[in-house]
Amino acid sequence: MGANVLIVFVKEPRPGTVKTRLLPALDPDSAAELYRALAEEEIRQTAPRGGEYTRLFFYAPPSSPEAMSAWLPGETLLAQQGADLGARMSSAFEEAFRRGARRAAIIGTDVPWLTRGRVAEAFGALDEHDAILGPTADGGYYLLALDRPRPEVFRGIAWSTPSVLASTVERAAGLGLRIQMLDPLADIDTIDDLRAHWPRLQPLLEGRPVGRAVARALGL
């Protein structure tokens, strides 16, 4: 493992299990195809160059190793472990550091405009800070970078609520950590998100059946 490790949380794009907040505006197959398109773009945009960092892909559900290796051949794939999102993230950080990381960052796969430049910025900021957060408009975060395993940062957070970022900042501050915020980015979870960011999303979905399905759902 290199000094910097990027943890990527990814789901098997199985209809009915991903982007469920877009149902019923999109049918389950289209929602899954949209998730796959967004994830692939983010994975492409955050691909490291010249040994800047290495990537570990932690997938869910744990029962899908064959599907995941068919989708992401050649990547290091590990099953997510833990009862809730916080436990799964904490466990992934511990694994990254166990494998020799000096700094680690975690991202999901809902922000197709997250770039390797932003990831590199987060790793660089850890020279002067203990925790780096990239906020999203819905009160969560698209990136968290840490200088060492810090399981207590993930405790007592109400996951999938608008208070995730604020609670995490409060928790980190209470632990005496020096926190740096990156510029905010939008994630894509709801039909309103699709509508707001359609001009940027449309080129990504060009030529895919899901592009037409989304346009129909938006009444375009």
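To start, this report covers the structure provided alongside it. Just so you know, these numbers come straight off a predicted model, no measurement behind them.

About the cut-offs
- Residues numbered from 1 in each chain as written.
- Predicted model: local features only at pLDDT ≥ 70, side-chain atom pairs only at ≥ 80, totals over all residues.
- Heavy atoms only, no water.
- Salt bridge = Lys/Arg side-chain N within 4 Å of Asp/Glu carboxyl O.
- Helix = DSSP H or I, 4+ residues; strand = E, 2+ residues; numbered from the N terminus.
- Buried < 20%, exposed > 50% of the residue type's maximum accessible area, 1.4 Å probe, protein only.
- Pairing = 2+ DSSP bridges.
- Axes fitted to C-alpha atoms, helices over the stretch in contact; angles between N-to-C directions.
- Left-handed = near helix turned anticlockwise from the far one by under 90°.
- Contact = heavy atoms within 4.5 Å.
- Nonpolar A, V, L, I, M, F, W, Y, C, P; charged D, E, K, R; others polar.

Once that is clear, we can look at the pattern of salt bridges. Inspection of the entire model under this criterion finds 18 salt bridges. With its nearest N and O atoms 3.1 Å apart, the salt bridge here joins Asp189 to Lys19. You can see Asp189 sitting in the loop between strand E7 (179-181) and helix H6 (191-196) and its partner Lys19 sitting in the loop between strand E1 (4-11) and helix H1 (28-45), a full 170 residues away along the chain. Here the two residues Asp189 and Lys19 agree in accessibility, since each one is buried. Where Arg36 meets Glu40, a salt bridge forms, and the shortest distance between an N and an O atom there is 3.7 Å. Of this pair, Arg36 and Glu40 both sit in helix H1, four residues apart, which is roughly one turn of that helix. The class of Arg36 is partly exposed, set by a relative accessible area of 27%. Residue Glu40 is classed as partly exposed on the basis of its relative accessible area, which comes to 28%. What you see here is one network of salt bridges that share partners, running through Lys19, Arg21, Asp110 and Asp189.

All right, on to the pairing of strand E6 (residues 141-146) then. For a regular strand, side-chain orientation follows a simple rule: the groups alternate between the two sheet faces. Of all six residues making up E6, six are buried, and the element is well covered by its neighbours. In the sheet, strand E4 (residues 103-107) pairs with E6 via four bridges, with the strands oriented antiparallel. Each bridged residue has a counterpart across the sheet, and for Ala104 the counterpart in E6 is Leu146. One ladder, built from five bridges, connects strand E5 (residues 131-135) with E6; its direction is antiparallel.

To continue, consider the sheet that holds strand E3 (residues 77-79). Spatially, E3-E2-E1-E4-E6-E5-E7 is the arrangement adopted by the seven strands of the open sheet, whose pairing is mixed. Single-partner strands in this sheet number two, and they are E3 and E7. Taking the axes of each pair of neighbouring strands and ignoring which way they run, one obtains an average angle of 20° across the sheet. Of the strand pairs in this sheet, E1 and strand E2 (residues 54-60) are connected by seven bridges, and their pairing is parallel. Among the inter-strand pairings, Ile7 is bridged to a residue of E2, identified as Leu56.

Locating Arg212 in the fold gives a position in helix H8 (residues 209-217). Judged by relative accessible area, Arg212 falls into the exposed class, the value being 51%. C-alpha separation for the pair Arg212 and Arg44, spaced 168 residues apart in sequence, amounts to 23 Å.

Right, let's get into the packing of H1 against H8. As a packed pair, H1 and H8 sit with axes 9 Å apart at the nearest point and diverge in direction by 115°. Of the two elements, H1 crosses H8, and the hand of that crossing is left-handed. Every residue of H8 that contacts H1 at Ser30, Glu33 and Leu34 is listed here: Val210, Ala213 and Val214. Residue classes in the contact of H1 with H8 are distributed as four nonpolar, one polar and one charged.

So, about the environment of Ala39. Summarising the element assignment, Ala39 is placed in helix H1. For Ala39, a relative accessible area of 0% translates into the label buried. In this structure the C-alpha to C-alpha distance between Ala39 and Val8, which are 31 residues apart in sequence, comes to 9.9 Å. Beyond its immediate stretch of four places on either side in the chain, Ala39 contacts Trp71 and Thr109.

We now examine unusual backbone geometry. A cis geometry characterises the amide bond from Leu23 onward to Pro24, with omega recorded as 5°. As for its position among the elements, Pro24 is in the loop between E1 and H1. The omega angle of the peptide bond from Ala60 to Pro61 is -10°, so this bond is cis rather than trans. Relative to the helices and strands, Pro61 is located in the loop between E2 and helix H2 (65-71).

It is worth spelling out the side chain of His197 at this point. Tracing the sequence through the fold places His197 in the loop between H6 and helix H7 (198-205). The residues touching His197, leaving out its near neighbours within four places in the chain, are Trp113, Ala186 and Ile188.

Geometry only, nothing functional implied.
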